[in-house]
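These are the residues of each chain, in order.
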Amino acid sequence: MRNVILRILIIMLSGTSLHSFAGGDGSSSNPFQVSTLIELQVVKTFPGSHFILIDDIDATDTQTWNGGAGFDPIGTSTIPFLGTFDGQGYSIDNLYIDRSTVNNNSLFGYTNGAVISNVMLTNCNITGDGRTAALAGYLINSTVTACGSTGSVNSYSAGGGLVGRMSVSTIIDCFSAVNVSGTGNGNFFGGLVGATESNCTIKNCFARGSVTGNDRVGGLVGTLSEALLECCYSTGAVNCSNEDSGGLVGNVSGTYTANYCFWDTETSNKGSSPVGTGKTTAEMKYFYMYHGDQWDFVSEWSNGVNDYWDMDFDGVYNNGYPYLAWQDGDDNSIANPEGNGTGTTPYLIEDLFDLFWLSANRDKWSASFLQTADIDAEDTVNWNGGQGFSPIGTGDSGFHGDYNGDGHSIENLFIDRTTDYVALFGRLDMGTCQGVNLIDADVSGNENVGAIAGMIYHYSSVENCSSTGNVTGSMYVGGLAGVTQFSSQVGFCFSNADVYSPHYVGGFLGYNGNSSTITNCYSNGYAQGATYVGGFTGRNNSTISNCYSTGNVSGTSTTGGFTGFSGTNVTGCFWDIDTSGQTTSACGTGLHTADMQTLSIYLDAGWDFIGESINGAEDIWILLDNEYPSFNPYTGFAISEVSDVLGDQGHQLKLRWVRSDQDICYNPNRLYTIWRLEEDLRSLSGDVLLIDDPMDYMSREGEDLRPVVLHSRDEYWTFIETIPASAFPEYMYVAPTLVDSSAVLDPGDYMSSFMILFYFEYGYLRSNIASGYSVDNIAPYGASGVTLAFDSSRTDSALLSWNEVTEGGYNGNSYPEENGIWYRIYSSDHPDFVCNESTLIQTTQDTSIDVDPAGAERRFYNVVVSDQP
């Protein structure tokens, strides 16, 4: 008997040495290295050790192992696997097991306290009795992370695409595309897990294989009991002989929780599930649905920083469904917008996805952004579980970058939150927002709520922005912004949004706080609340100038047509008594509608309108018939070139300009006028018609032929010429200069400046002021030292030559360096011929040419020096 035992031990030891690993000692710091199929099978012999896979393994040969029973699972109920196994992303392909009368069939049959990670099983074919799956048959006190499986599993009961049954265990960041089928009258079949029991967790997982069984059949889990299921989905077809089945989960029992989980109602052929939410295929491939339900995607921070999920919007990878980020490795779903975020190369916000990227990445909130197209944000109503868009900038991390909407719109933005700082930009902190137009926004929040910004804070600025829609909150709520504070500025903005809040509510702004300035703005929306309610702002503690409001105002106390309460400087501001329903205000001037639509009211208050120059040259406002003031929509135009007229005798500059955007067809009532800046009034000789407003030029008497001089502030401009507007893309005019370069030495002393005005129905538009100088170019004159030398025979050719001109010029004038000196050679048979195109025989920059003297008639030559060819 002793000899028999000794022989068995020798065989066992010999077997172990014959099947050693590629490296390692099995410790946690130096795990066994598994590189072959044989080594993978030997793992079973060391159930408590640590392993890593160091290469892909082809397990096709397992089909012939053990008399056709295939691979022998690692771990049994008597000797479970309790070590660690890290697949390191390598695959095990074509694993085969066929043990239909045995339980716990998988790569790992039975585990207890094991940790399994990064294992990819492909094309597996596994058959067993109970607790049969691709990765683990029975998972107890164990953890599985970042593992996946494809192929087929056949089980009598508790069959799963990844795990058969689990207890006190966790599966996270895993998937299965295994087709699972149940045989006989068994139950508990799921695309990922057959059944859970006692304190289990499944998070960030999905299953895409079909599931067929007798009872308790689900696309992801057959029976969910005593478990947490979160951020998971399934798409596979579910086929069940009995009614106890569901698209996501077949059956539930005991205590369970399922959060943010979905199944495809179309591909599963199941319209119900005990837990989870059924979605159409299109909805299942809709990124914003998942992000709104707390799914942690790559390149965003608001739902976590583990980056479990990714998505291919081209619909290629995983057929457009979400997939686990480790599966592909490339960030397909939330790529950075074009640009690098600098002032010269800003991030380009082209669509709603780019806007989402900005809101979801607070580490980019100090960068520069440029919106390049209108954006339809209608989908935001489905985001974040009904909360809509997540504001850019929060109470603890404001936006301190630069956002330029470039005049583009964002339409149908939806936000519905119970938090503070709610708007497109929740809080600006040393940040800027300009050129953004929100259309039909629907924004709700708690305190500091607006359409464009919840709070404009700490040296921030908002310019050339607008909003329409509805804004609701509990305090400090405005149609454009909730609050301004600490040296912030708002200018050239308007709001037509209707605003509702119990306290501190304004059609434009809820509260204008310390050291902040609002200028050239207006609001037309309702302002409804209880206390501190105003058509423009609920309360003002700083500076407001040149603003107005017209919307209806209602409140129970501290209510005013323009502002409910004001403790500081408000100038040039108005509200409409008739439309607001308010005859009093803490500040501003109340006017009836007819007066609110009268230009002189605003001009007397210092507003800068198009068609006038007394109150400034920015042309901020325009007033059309029977309307309130609005921002001037007409853009100016530019003088593109001021250049010398070559070949002249000085005192001339060529002006080029691009047409105004209102010069769209020939119209005798639309025209350009050209004006030259004078040194001072004393430089003007004779009697002149002095005007203070450019519009006076259009209304002067026709018989008044005096030169017109425009007095604009401390400058005097002489009228030069009128050019009809003819919709030409570009115009050119040769204008006289004040002085010429030949008169002085310093170019700054002979600069001439020009301005062009475009007159149309609503006033006029100014061009830029452009300057240049004229050169007194060389006058053509005869060359010196002209000689004609014949060859010896006096028949073939002759050489006409002259002295080179190297410096100086006509009467001391210099030559333009860019043109050089040219010689024009003229010839005729008459001594008094005229030098013109008919007598010109050649132009050259050389000092001689060959001429042909053949012929009976005499020839006469003239060589002219010029600065032109």
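Quick note: structure is the one above.
Residues numbered from 1 in each chain as written. Predicted model: local features only at pLDDT ≥ 70, side-chain atom pairs only at ≥ 80, totals over all residues. Heavy atoms only, no water.

(A) A look at the pattern of salt bridges. Enumeration according to the criterion identifies 11 salt bridges in this entry. The partner of aspartate 244 in a salt bridge is arginine 216, and the shortest N-O contact between them spans 3.9 Å. In this pair, aspartate 244 sits in the loop between β24 (238-240) and β25 (245-246) while arginine 216 sits in strand β21 (residues 215-218), placing the two residues 28 residues apart along the sequence. Residue classification places aspartate 244 among the partly exposed positions, given a relative accessible area of 27%. (Salt bridge = Lys/Arg side-chain N within 4 Å of Asp/Glu carboxyl O. Helix = DSSP H or I, 4+ residues; strand = E, 2+ residues; numbered from the N terminus. Buried < 20%, exposed > 50% of the residue type's maximum accessible area, 1.4 Å probe, protein only.)

(B) Representation of the packing of aromatic side chains in the model. Within this structure, the stated rule accounts for 76 aromatic pairs. Each ring, one from tyrosine 233 and one from tyrosine 321, has its centre 6.2 Å from the other, and the planes form 20°; the classification is stacked. Of this pair, tyrosine 233 sits in strand β23 (residues 233-234) while tyrosine 321 is found in the loop between β29 (309-310) and β30 (323-324), placing the two residues 88 residues apart along the sequence. On the basis of relative accessible area, tyrosine 233 is assigned to the buried category, the value being 0%. Among the residues examined, tyrosine 321 registers a relative accessible area of 1% and is labelled buried. Sitting over the face of the ring of tyrosine 321, lysine 285 holds its NZ or CZ atom 5.1 Å from the ring centroid. (Phe/Tyr/Trp six-rings, centres within 6.5 Å; stacked < 30°, edge-to-face > 60°. Lys NZ or Arg CZ within 6 Å of the ring centre and 35° of its normal.)

(C) The nonpolar core, seen in detail. Core analysis: the biggest nonpolar cluster contains 82 residues, and Tyr403, Ile410 and Leu424 have the highest contact counts within it. Those elements that place two or more of their residues in this core are α5 (287-292), β31 (347-349), α7 (352-360), β37 (425-429), β39 (437-444), β41 (453-457), β51 (517-523) and β55 (543-549). Sequence-distant contacts of isoleucine 410, that is, excluding residues within four places in its chain, are made with Leu355, Gln371, Ile375, Ala377, Tyr403, Leu424, Val436, Asn437, Leu438 and Ile439. (Core = buried A, V, L, I, M, F, W, Y, C linked by side-chain atoms within 4.5 Å. Contact = heavy atoms within 4.5 Å.)

(D) Quick look at a negative patch on the surface. Taken together, the side chains of Asp374, Asp376, Glu378, Asp379, Glu411 and Asp440 make up a negatively charged region of the molecular surface. Looking at the secondary structure, you find aspartate 376 in strand β33 (residues 375-376). The partly exposed category is assigned to aspartate 376, whose relative accessible area is 45%. (Patch = residues over 30% accessible without salt bridge, like charges linked within 9 Å, V, L, I, M, F, W, Y side chains within 5 Å. Areas by Shrake-Rupley, 256 points an atom, 1.4 Å probe, with all protein chains shown as cover. Lys, Arg positive; Asp, Glu negative; His and termini not counted. Charge placed at Lys NZ, Arg CZ, Asp CG, Glu CD.)

(E) Summary view of unusual backbone geometry. At phenylalanine 188, a position not held by glycine, the phi torsion is positive, near 70°. Within the fold, phenylalanine 188 resides in strand β16 (residues 187-190). With a relative accessible area of 16%, phenylalanine 188 lands in the buried category. Its identity is not glycine, yet aspartate 440 carries a phi of approximately 55°, on the positive side. Residue placement: aspartate 440 occurs in strand β39.

(F) Here's a closer look at the environment of glycine 426. Tracing the sequence through the fold places glycine 426 in strand β37. Residue glycine 426 is classed as buried on the basis of its relative accessible area, which comes to 0%. In this structure the C-alpha to C-alpha distance between glycine 426 and glycine 482, which are 56 residues apart in sequence, comes to 9.6 Å. In this structure, glycine 426 is in contact with Pro391, Ile392, Gly393, Tyr421, Gly454 and Met455, ignoring residues within four places of it in sequence.

(G) Structural view of the pairing of strand β22 (residues 221-230). When you tally the buried positions in β22, you get 8 out of 10 residues, the bulk of the element. Taken together, the 4 bridges between strand β18 (residues 200-203) and β22 define a ladder with parallel strand orientation. In the strand pairing of β22, lysine 203 is matched with glutamate 230. (Pairing = 2+ DSSP bridges.)

(H) The sheet that holds strand β78 (residues 840-844), seen in detail. Reading across from one edge, β74-β80-β77-β78 is the order of the 4 strands in this open sheet, with antiparallel pairing throughout. The strands lining the two open edges of the sheet, one partner per strand, are β74 (781-782) and β78. With 4 bridges connecting them, strand β77 (residues 822-828) and β78 associate as antiparallel partners. Within β78, the position partnered with tyrosine 826 by the bridge is leucine 840.

Keep in mind that these numbers describe shape and distance, not what the molecule does.
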